[in-house]
Amino acid sequence: MDKGLSHKEQKQSSPLGSVVANNGVITINAADMNYRDLNFLLKSYSNSAKRIDIYNVNGQRYIGTNLKNNVEIHVYGTPGNDLAAFMDGPTIYVHGNAQDGVGNTMNSGKVIIYGRAGDVVGYAMRGGKIFIRDDVGYRVGIHMKEYGNQKPTLVIGGTAQDFLGEYMAGGILVVLGLTLKDDEDHKAKFVGTGMHGGTIYVRGQVAHIGKEVKIMKLERNDIALLKPIIEEFCGYFNFDVNKILTEEFKKLIPFSTRPYGRLYAQ
Amino acid sequence: MKSYVEPEFIIERDNEKCTRCKVCIEQCTYGVHYYDPKNDIVRSRDENCVNCHRCVVFCPTKAITIKKNPTQYTENWHWTREAITDIKKQAETGGAILTGMGCDKSYYTYWDRILLNASQVTNPSIDPLREPIELRTYLGAKPDKLELEMENGDVVLKTKLAPQLCAETPILFAALSYGAVSFNAHLALARAAAEFGTFMNSGEGGLDKRLYKYGDHIIVQVASGRFGVSPDYLNVGAALEIKIGQGAKPGIGGHLPGEKVTQEIAQIRMIPVGTDALSPAPHHDIYSIEDLRQLIYALKEATDYTKPVAVKIAAVHNSAAIASGMVRAGADIIVLDGVRGATGAAPKVIRDNVGIPIELALASVDQRLRDEGIRNKASIIISGGIRSSADVVKAIALGADAVYIGTAALVAMGCTLCQKCYTGKCPWGIATTDPWISKRLDPDVAAGRLVNLLRAWSLEIKEMMGGMGINAIESLRGNREQLRGVGLTDTELKILGIKMAGE
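Residues numbered from 1 in each chain as written. Chains lettered and ligands numbered in written order. Predicted model: local features only at pLDDT ≥ 70, side-chain atom pairs only at ≥ 80, totals over all residues. Heavy atoms only, no water.

Caption draft 1: Broad picture of the overall build of chain B. Counting secondary structure elements, chain B contains 16 helices and 23 strands. Relative to its length of 503 residues, chain B is compact, with a C-alpha radius of gyration of 24 Å against a globular reference of 23 Å. Seen through its principal axes, chain B has C-alpha atoms that stretch 90 × 55 × 45 Å. In chain B, which comprises 503 residues, the share counted as buried stands at 57%. Summing over all exposed atoms, chain B offers an accessible surface of approximately 21100 Å²; the carbon and sulfur share of this is 53%. (Helix = DSSP H or I, 4+ residues; strand = E, 2+ residues; numbered from the N terminus. Rg over C-alpha atoms; globule rule 2.2 N^0.38 Å. Buried < 20%, exposed > 50% of the residue type's maximum accessible area, 1.4 Å probe, protein only. Areas by Shrake-Rupley, 256 points an atom, 1.4 Å probe, with all protein chains shown as cover.)

Here it is as structure tokens:
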């Protein structure tokens, strides 16, 4: 728990666990800490700190929820559900796996996960970026939105489960399939069901798509769009950009921006 | 294709009264009236008429009458005109029949079978004209008990109270989303709520930044589509409401037809222009009471536990058990929307056949929460067809803390319940996003009319309370002794928890 702390650092008295400040870097030991106390500390310190390191995180929910400052947060351990929900600015590095609801209705900022994440990642995401090194669970990227310059990006290094990008209305969702074996396809079913905006890029073969979606080949402008995103991904996780880009990508877009316009009579 | 559907309404124009001023042509958004220059006469396309009365009201010589089409199918109690017409429409289009507003079928309105008490001789009534009667209502979780302390000779409240909404009358404006209604309608509701000291609900379509200054009087809604749910939106509202269900369409999602998704609506909802704004039935992160708790606390975390969080469900068969779960999940306010609850767009078959009357749902939820000893942990707001101050008083005596009014507020602004909200052509400038039609609703005039309605109902509520000898709304809440049923079965009386008149 004292990882990286020298004896010179001052220990502040806190009833909520140990908080150590050093040159604008705050270190929090979250062992046995209630999520409410932890998030209270984050909100308090995010105004002044450049960086906050949280150790011994063990399932605390809502880390980074509705935080507004451009602080950098490093999470060591396993954060609980709704990490970065409604978040608006910070960059969170998770050195471990994340659970469900990462980036729920997130507005801006970044989440970088050195591991996998659970279900409903990026639900109704409105902006910012999420990078996940490994796989994700079900219903990821649903209801992602965009308008004008506000355009969210969600990159999954591994593969995803069913209902990926369901009801997607905007943004960019990238699935790289880096955890798949050579002859293995993505297994997700109903990809893009109800999709009416945004783009899903998948590296590798997609098994089953929603009836509202069509599969296209990448064009020059798609590659121009994808390349910097994948470069950023590779920068975090030490992958080779060119190796990733040599394999064929599929582009999934909706047939129509109004998939359910003809369901009704008046 | 030749339509087999006959016009529902026939327009009769008194050509002696008609001055050919063409106001009707200008006012009709459905293209019913047109001028025939050759014969110098105004004619109508009856098949387009929705009976909204815009032309009738605006005709300066009152030359227009709208009648039900007298041409009827052979009389048949079972095969009504509506049943036959709907089948014909579906045979022509292959689509589900879409409609607006609330269920218009003849199910019991239990309010009309419940009568109020008044004091006579003993426990004398109170005259509201000379004695204060308190309507102020606090909405939010109440503590199990109050702990007091003496501090420097003063009594100090030791118990930390949960955040509360303070309304000057137990009437709030129901969720009408921006997009379903025009900006001017939203603005009028916000202004009226602020002026009277009550609340409007933003609905699920976000909140225009121009309304942020009324934030202290706005409950902001979060639905499955998460439209407009920005950090600012959460921070600006006085309370948050998670919308799970809606009385007009329990079990199915929100659906704003693409016709109403203009540039402005697309921007605030962050969806493509002209698309249908889809808010599916389930929140895809809520599959259990535990999941609901997760979202409730996400919102509480996001707002530092400073605002009450409400959860709204449609009144359905096992509302009582669900409501108990909602309270245990941390909801500060639970909202029940009955079968008469209205909508901007819903499949008619759902609107008219799914859900239960709010009176029964309210009575059973209130009783259940009392039985479990958790009634104080959440306030109850009910909605769905509240038409008058008497409905409000009966609702509170049955156990509600407050009511939401949606349709009544729209009627105050001009709505005539033509049920065509989903077309986006509302001739009264309410249920439309068309900038030209929206101009018809003057937000100042509309806000004034809404304030008048609140004032009138509040006065009537005080009169009724005074008559019962009750001088604070707190003493009316759940006071079912003030209610008696007429024409109800034993089971109905038992569920409502009221006695038969005469008992």
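Caption draft 2: Summary view of the interface of chain A and chain B. Taken together, the contact pairs 42 residues of chain A with 49 residues of chain B. For the pair chain A and chain B, the two sides together bury roughly 3900 Å², of which 55% comes from carbon and sulfur. Inspection of the region where chain A meets chain B yields 3 salt bridges. Residues Glu259(B) and Arg258(A) are paired through a salt bridge, measuring 3.0 Å at the closest nitrogen-oxygen approach. At the surface where chain A touches chain B, the tally comes to 19 residue pairs in polar contact (both at pLDDT 80 or more). Elements with a contribution of two residues or more to the side of chain A that touches chain B: α1 (35–45) and β14 (264–265) of chain A. Top contributing element to the side of chain A that touches chain B by residue count: α1(A), with 4 residues. Looking at the side of chain A that touches chain B, its residues break down into 15 nonpolar, 15 polar and 12 charged. (Contact = heavy atoms within 4.5 Å. Buried area = accessible area lost by both parts, 1.4 Å probe. Salt bridge = Lys/Arg side-chain N within 4 Å of Asp/Glu carboxyl O. Polar contact = N/O pair within 3.5 Å; in protein donor to acceptor, adjacent residues only side chain to side chain. Nonpolar A, V, L, I, M, F, W, Y, C, P; charged D, E, K, R; others polar.)

Caption draft 3: Main features of α1(A). Residues and elements named next belong to chain A. Along α1, the residues classified as buried are Leu-38, Asn-39, Leu-41, Leu-42 and Tyr-45. All buried residues of α1 lie within an arc of 155 degrees about the axis, which places them on one face of the element. Between the side-chain oxygen at the start of α1 and the backbone nitrogen of Arg-36 there is a gap of 2.7 Å, and the oxygen is on Asn-34. (Arc of directions from axis to C-beta.)

Caption draft 4: View of the pattern of salt bridges. Across all of its chains, the model carries 46 salt bridges over all chains by this definition. The closest approach of N and O atoms between Asp276(B) and Arg258(A), which form a salt bridge, is 2.8 Å. Taken together, the residues Asp276(B) in the loop between α6 (263–269) and β16 (277–279) and Arg258(A) in the loop between β13 (249–254) and β14 connect one chain to another. A relative accessible area of 2% means that Asp276(B) is categorised as buried. What you see here is one network of salt bridges that share partners, running through Glu82(B), Asp86(B), Asp104(B), Lys105(B), Lys348(B), Arg351(B) and Asp352(B).

Caption draft 5: Fine view of the pairing of strand β2 (residues 19–22) of chain A. Residue and element names in this part refer to chain A. Pairing of β2 with strand β3 (residues 25–29) involves 4 bridges; the strand directions are antiparallel. Bridging from a neighbouring strand, Val-20 pairs with Thr-27 of β3. The loop that links β2 with its antiparallel partner β3 comprises 2 residues; one of these, Asn-23, has a positive phi angle of about 50 degrees. (Pairing = 2+ DSSP bridges.)

Caption draft 6: Molecular detail of the domain arrangement of chain A. Residues and elements named next belong to chain A. Its domain assignment divides chain A into domain 1 (1–102) and domain 2 (116–261). Averaged C-alpha coordinates put domain 1 and domain 2 at centres separated by 29 Å. Of the roughly 570 Å² buried where domain 1 meets domain 2, counting both sides, 47% is carbon and sulfur surface. In terms of surface lost to domain 2, no three residues of domain 1 exceed Asn-97, Asp-100 and Val-102, which account for 61% of the buried area on that side. The tally of links from domain 1 across to domain 2 stands at 0 salt bridges. (Domains from an automatic or database assignment.)

Caption draft 7: Spotlight on the environment of Tyr297(B). Position of Tyr297(B) relative to the elements: it lies in helix α7 (residues 289–302). Tyr297(B) gets classed as buried once you look at its relative accessible area, which sits at 15%. With sequence-adjacent residues up to four places away left out, Tyr297(B) is seen in contact with Tyr35(A), Tyr62(A), Tyr305(B), Ala329(B) and Gly330(B).

Caption draft 8: View of the nonpolar core. Ranked by size, the top nonpolar core spans 137 residues in total, and within it Phe173(B), Ile382(B), Ile405(B), Met413(B) and Ile430(B) carry the most contacts. Setting aside residues up to four positions removed in sequence, Ile430(B) forms contacts with Ala180(B), Val181(B), Ser182(B), Ala185(B), Leu410(B), Met413(B), Gly414(B), Cys415(B) and Leu441(B). Counting 51 residues, the second-largest nonpolar core is a separate cluster that includes Ile52(A), Ala98(A), Val136(A) and Leu252(A). (Core = buried A, V, L, I, M, F, W, Y, C linked by side-chain atoms within 4.5 Å.)

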